[in-house]
Amino acid sequence: MRWWPGSLKLGLMIIFIITGTSILVPAVNGVEQNLTEHSWIYNQGTTDDMRIYQTEAGFHGQKMVTGTRGTGTVSRSINAQVYGGFADGYNEIWANEWGVFQNRPSRYIAPITNSELKNALCVKNYEVGSVYSESYSGLGELIKDTSVSQTDQNSVYSIHSEVEGTARVGARVQKGSSAVPIYVMNGAYSGYTNMRMSLESGNASLLTLPCP
């Protein structure tokens, strides 16, 4: 965990562990899916994001929703693993969210004049059923390092961005139109943002994927 200079002294720890290994629920459609996420974000400004994790559709399997919204200073990490739809009925969500949330004025000062500088990226893997997009606007400064590795079996997205302005990110994992999306994420951040994220998913799929 990286701390910003003058690290925050008060913290709030939130831990979610949701697992269904003790109760085997038969898969509704038998579509095997998996996801691993590691993310960290530090924002001084406005944060508005949400993540949805689930192993099966409807009143089956396991579900989890987490999100943050408001103005202030946020330092937060999320680590999650999701497995669903396996033939043996194996379904599991494991997640840990740790964060420091402070409702105090941001030290970020917006530029006097609006910036027209923008940057965007969108990647899709139709065989795996994964999509990731990022866009940056109103830029005062952007330092970006995004790596993409996609094959017919796996997708790996590694993101590190430091931005003064507005950042928007989104991701989805859904292996086929008949499968439930096991992961949906959308986030918008304004002010100063430093974020790192790694998403991994695998196996095969055929699906038309819109950018989030």
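Residues numbered from 1 in each chain as written. Predicted model: local features only at pLDDT ≥ 70, side-chain atom pairs only at ≥ 80, totals over all residues. Heavy atoms only, no water.

Caption draft 1: How the structure looks around the overall build of the chain. Within the chain, the secondary structure is distributed over 0 helices and 9 strands. Its helices and strands taken in sequence order, the chain reads β-β-β-β-β-β-β-β-β from the N to the C terminus. Expressed as a percentage of the 212 residues in the chain, the buried residues total 46%. Residue pairs at least 24 apart in sequence account for 74% of intrachain contacts in the chain once pairs closer than 6 positions are excluded. (Helix = DSSP H or I, 4+ residues; strand = E, 2+ residues; numbered from the N terminus. Buried < 20%, exposed > 50% of the residue type's maximum accessible area, 1.4 Å probe, protein only. Contact = heavy atoms within 4.5 Å.)

Caption draft 2: Main features of empty space enclosed by the protein. Across all of its chains, the model carries 3 cavities of 30 Å³ or more by this definition. Put simply, the largest cavity is a space of about 80 Å³. Residue lining of the largest cavity: Ser39, Trp40, Ile41, Arg51, Arg76, Val169, Met185, Tyr189, Met195, Arg196 and Met197, and that is the complete set. Only strand S3 (33-54) and strand S9 (183-202) provide two or more residues apiece to the lining of the largest cavity. Residue contributions to the lining of the largest cavity peak at 5 residues, all from S9. When the residues that make up the lining of the largest cavity are grouped by side-chain class, the tally is 7 nonpolar, 1 polar and 3 charged. (1 Å grid on protein atoms, 1.4 Å probe; cavity = no way out; pocket = protein on both sides within 12 Å on 5 of 7 lines; lining within 4 Å. Points joined across faces, edges and corners; volume = space filled by probe spheres on them. Nonpolar A, V, L, I, M, F, W, Y, C, P; charged D, E, K, R; others polar.)

Caption draft 3: Quick peek at the nonpolar core. Core analysis: the largest hydrophobic core is formed by 27 residues, its most contacted members being Leu35, Tyr53, Tyr132, Tyr183 and Leu199. For this core, the secondary-structure elements that each account for two or more residues are S3, strand S4 (63-84), strand S5 (92-102), strand S7 (130-150), strand S8 (154-173) and S9. No other element matches the 7 residues that S8 contributes to this core. When neighbours within four sequence positions are excluded, Leu199 is seen to be in contact with Leu35, Thr36, Glu37, Tyr132, Ser155, Val156, Tyr157, Ala171 and Tyr183. (Core = buried A, V, L, I, M, F, W, Y, C linked by side-chain atoms within 4.5 Å.)

Caption draft 4: The pattern of salt bridges, seen in detail. Enumeration over the complete set of coordinates arrives at 5 salt bridges. The residue Arg51 makes a salt bridge to Glu37 at a minimum N-O spacing of 2.7 Å. Each of the two residues, Arg51 as well as Glu37, counts as buried. Between Arg76 and Asp49 there is a salt bridge, with its nearest N and O atoms 2.8 Å apart. On the criterion of sequence distance, the pair formed by Arg76 in strand S4 and Asp49 in strand S3 is long-range, its members being 27 residues apart. Both residues of the pair, Arg76 and Asp49, belong to the buried class. Counted as one network, the salt bridges with shared partners bring together Glu37, Asp49, Arg51 and Arg76. (Salt bridge = Lys/Arg side-chain N within 4 Å of Asp/Glu carboxyl O.)

Caption draft 5: Structural view of the pairing of S3. A large share of S3 lies buried, amounting to 17 of its 22 residues. Looking at chain direction, S3 and S9 are connected through 19 bridges and run antiparallel. The partner of Asn43 across the bridge, within S9, is Thr193. (Pairing = 2+ DSSP bridges.)

Caption draft 6: Molecular detail of the side chain of Thr193. By the secondary structure assignment, Thr193 is in strand S9. Judged by its relative accessible area of 0%, Thr193 falls in the buried class. A distance of 2.8 Å separates the side chain of Thr193 from the side chain of Asn43, its partner in a polar contact. Here Thr193 is in contact with Ile41, Tyr42, Asn43, Ser161, Glu162 and Val163, once residues within four sequence places are set aside. (Polar contact = N/O pair within 3.5 Å; in protein donor to acceptor, adjacent residues only side chain to side chain.)

Caption draft 7: Local environment of the confidence of the model for the chain. Confidence along the chain averages 82 in pLDDT terms, with 77% of residues attaining 70 or more. Here residues 1-29 scores under 50 on pLDDT; set against residues more than four positions off or in separate chains, the count is 74 contacts. (pLDDT = per-residue confidence, 0-100.)

Caption draft 8: Representation of the environment of Thr55 within the structure. Take Thr55: it is sitting in the loop between S3 and S4. The exposure class of Thr55 is buried, given its relative accessible area of 2%. Contacts of Thr55, omitting those with residues within four sequence positions, involve Gly61, Gln62, Val82, Tyr83, Gly84, Gly85, Asn91, Glu92, Ile93 and Val180. Separated by 2.9 Å, the side chain of Thr55 and the backbone nitrogen of Gln62 make a polar contact.

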